[in-house]
Amino acid sequence: MAIAQRQGAPKLGSEGISTVIGPEIQVVGRIEGSEELRIQGYVEGTIQLSEALIVEASGVVVADVRARDVVIAGIIVGDVLASGRVVLQAGARVVGNITAPRVSVAAGAALRGQVSMGDSGEDGPAEGSTGGRTSFGRWRGGGSASGGSSGGRAPARGVIPKITRTPSRSAAAPAVQRATARAQEREDAPGPRIPPRRFTREEPPVPASPADQHAQDEIDGDGDVGAEDELIEVSEDGTVTTSLGKKQAARPRLPVRGKHIVEHR
Amino acid sequence: MAGTVIGRTIVIDGELAGDEALVVHGTIKGKIEVRQRVEVAADGVVEAVIAAPQVTVHGTVVGDIFASERADLRPESQVIGNIRAPRVLIADGAAFKGSVDMGG
């Protein structure tokens, strides 16, 4: 909360107004704005801010969130996209993907979802699921995979201009076809080498409203996020454990729904 | 200070409900239903039905106001919509277009 106060202080001084959704208030719909928003109550829908969003310990947000900074001490069910930083404080519970250049997770916070860092958070991940996935994939792919795909594309680009520059276009036509076919092959070639991404997970990022309520109830209930979902727990001593525990150990381990990758730069 | 404040740059499109005093400096479209007083500040714009025990308007409201105790239209306020409340105050300088029902 220290961060939030630091950011909030000048704004309070200059405007005298800061937006608070109090603990007894419920908002269903879209919230937009360009000032700090502090949520102590319940918000469902979407939130889009150019300043910081602070979800306090009593706050529950069932929404896709887009803001500069997001400080979470309460609950968020939905994707979080920040251009600045995302801070999960102790007691925070997040179910959803987090995209931000800087993400920090404190001991005592719980998170289920993908984390992608280093991204500006502004070049699209929230628009459309495929966009988000390729973006995530880029970060997940690491050096070798992305190097491979760009290496496959680069020669193809080199080949095609060379062919179009041949003097007799009609005579060159079959050659062009052959060459482009070769280029195509070359371009396709790296494909199999990159294992197809296991984005079999196809749950919608934010479930529809009844399910939202359900998800929230599950969190509220006993602090666990659904029986069959995996939950990362960062315990007080800083060790990270998952709650996909003993009771499900016998089950064949499927590709984890939403890989938990926390890359620190 | 009131529990919930909607700041000047905030736009809410949807429904706002709860048991808490509400001060609106920003914009709310949709519906407001709270069990405590609602104040639309001078820079506030509400394009919504407001249902609350007490409604005080300094700014702009386009929509019906249902106040179980009282509706207070201050000078400089602009209200387009119907008001239903046992006590209705319309200050000198307030702009109001709509019907008033004080029948309780």
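Residues numbered from 1 in each chain as written. Chains lettered and ligands numbered in written order. Predicted model: local features only at pLDDT ≥ 70, side-chain atom pairs only at ≥ 80, totals over all residues. Heavy atoms only, no water.

Peer 1: Got a sec to walk through the overall build of chain A? Specific residues and values, please.
Peer 2: Of the regular secondary structure elements, chain A holds 5 helices and 17 strands. Burial analysis of chain A (265 residues in total) assigns 43% to the buried set. For chain A, contacts bridging at least 24 residues in sequence account for 30% of all contacts bridging at least 6. Counting only carbon and sulfur atoms, one obtains 55% of the accessible surface of chain A, whose full area is about 13500 Å². (Helix = DSSP H or I, 4+ residues; strand = E, 2+ residues; numbered from the N terminus. Buried < 20%, exposed > 50% of the residue type's maximum accessible area, 1.4 Å probe, protein only. Contact = heavy atoms within 4.5 Å. Areas by Shrake-Rupley, 256 points an atom, 1.4 Å probe, with all protein chains shown as cover.)

Peer 1: Describe the pattern of salt bridges, listing the residues and the values that go with them.
Peer 2: As enumerated under the stated definition, the model contains 10 salt bridges over all chains in all. Here Arg30(A) and Asp13(B) are joined by a salt bridge, their closest N and O atoms 3.5 Å apart. Residue Arg30(A) is found in strand β2 (residues 25-33), and its partner Asp13(B) is found in strand β2 (residues 11-18); the two belong to separate chains. A relative accessible area of 30% means that Asp13(B) is categorised as partly exposed. Among the ionic pairs, Arg74(B) bridges to Asp72(B), the shortest N-O distance being 3.0 Å. Here Asp72(B) falls in the buried class, since its relative accessible area comes to 4%. Taken together, the shared-partner salt bridges connect Arg30(A), Glu32(A) and Asp13(B) into one network. (Salt bridge = Lys/Arg side-chain N within 4 Å of Asp/Glu carboxyl O.)

Peer 1: With reference to specific residues and values, describe the interface of chain B and chain A.
Peer 2: Taken together, the contact pairs 21 residues of chain B with 21 residues of chain A. Together, Thr9(B), Ile10(B) and Asp13(B) form the three largest contributors to the area buried by chain B at its contact with chain A, with a combined 27%. There are 1 salt bridge connecting chain B and chain A. Joining chain B to chain A, the criterion identifies 13 residue pairs in polar contact (both at pLDDT 80 or more). Listed by contribution, the elements that provide at least two residues to the side of chain B that touches chain A are β1 (4-6) and β2 of chain B. With 8 residues, β2(B) is the single largest residue contributor to the side of chain B that touches chain A. (Buried area = accessible area lost by both parts, 1.4 Å probe. Polar contact = N/O pair within 3.5 Å; in protein donor to acceptor, adjacent residues only side chain to side chain.)

Peer 1: Would you mind going over the environment of Gly118(A) in detail, with residue names and values included?
Peer 2: Along the chain, the position of Gly118(A) falls in the loop between β15 (115-116) and α2 (129-164). Measuring from C-alpha to C-alpha, the distance between Gly118(A) and Thr99(A) comes to 8.5 Å, with 19 residues separating the pair along the chain.

Peer 1: Just give me the short version of the nonpolar core, but keep the residues and values in it.
Peer 2: The biggest cluster of nonpolar side chains holds 58 residues, and the ones touching the most others in it are Ile47(A), Leu53(A), Val70(A) and Val86(A). Here this core gets 6 residues from one element, more than from any other, and that element is strand β6 (residues 45-57) of chain B. Those residues in contact with Leu53(A) that sit more than four places away from it in its chain are Leu37(A), Ile39(A), Ile47(A), Val65(A), Ala67(A), Asp69(A), Val70(A) and Val71(A). (Core = buried A, V, L, I, M, F, W, Y, C linked by side-chain atoms within 4.5 Å.)

Peer 1: Give a detailed account of a nonpolar patch on the surface, specifying residues and quantitative values.
Peer 2: Residue and element names in this part refer to chain B. Side chains of Ile90, Val100 and Met102 sit close together on the surface and give an oily, nonpolar patch of about 250 Å² of accessible area. When you line up the elements, Ile90 lands in strand β11 (residues 87-90). Relative accessible area serves as the criterion here: at 41%, Ile90 is assigned to the partly exposed category. (Patch = residues over 30% accessible without salt bridge, like charges linked within 9 Å, V, L, I, M, F, W, Y side chains within 5 Å.)

Peer 1: Which residues make up the environment of Val49(B), and what are the values?
Peer 2: Residues and elements named next belong to chain B. Following the sequence through the fold, Val49 ends up in strand β6. Classification of Val49 as partly exposed rests on a relative accessible area of 31%. Note: C-alpha distance between Val49 and Lys29 (20 residues apart in sequence) is 8.6 Å. Those residues in contact with Val49, other than ones at most four positions away along the chain, are Gly30, Lys31, Ile32, Asp64 and Phe66.

Peer 1: Break down the environment of Ile12(B) for me, with residues and values.
Peer 2: Tracing the chain through its elements places Ile12(B) in strand β2. Here Ile12(B) falls in the buried class, since its relative accessible area comes to 0%. Put simply, Ile12(B) and Ile28(B) are 16 residues apart on the chain and 4.7 Å apart in space, counted from C-alpha to C-alpha. Dropping the residues within four chain positions of it, Ile12(B) is found in contact with Ile21(A), Val27(A), Arg30(A), Ile31(A), Ile6(B), Thr27(B), Ile28(B) and Lys29(B).

Peer 1: Tell me what's going on with unusual backbone geometry, and back it up with residues and numbers.
Peer 2: For Glu76(B), which is not glycine, the phi dihedral falls at a positive 80°. Accessibility expressed as a relative area gives 64% for Glu76(B), which makes it exposed.

Peer 1: Account for the confidence of the model for chain A, with residues named and values stated.
Peer 2: Residues and elements named next belong to chain A. In this model, chain A carries an average pLDDT of 64, and 38% of its residues clear a pLDDT of 70 or more. The model gives residues 186-192 a pLDDT under 50, and that stretch makes 8 contacts with residues more than four places away or in other chains. Counting contacts from residues 251-256, a segment whose pLDDT is below 50, to residues more than four positions away or on other chains yields 6 contacts. (pLDDT = per-residue confidence, 0-100.)

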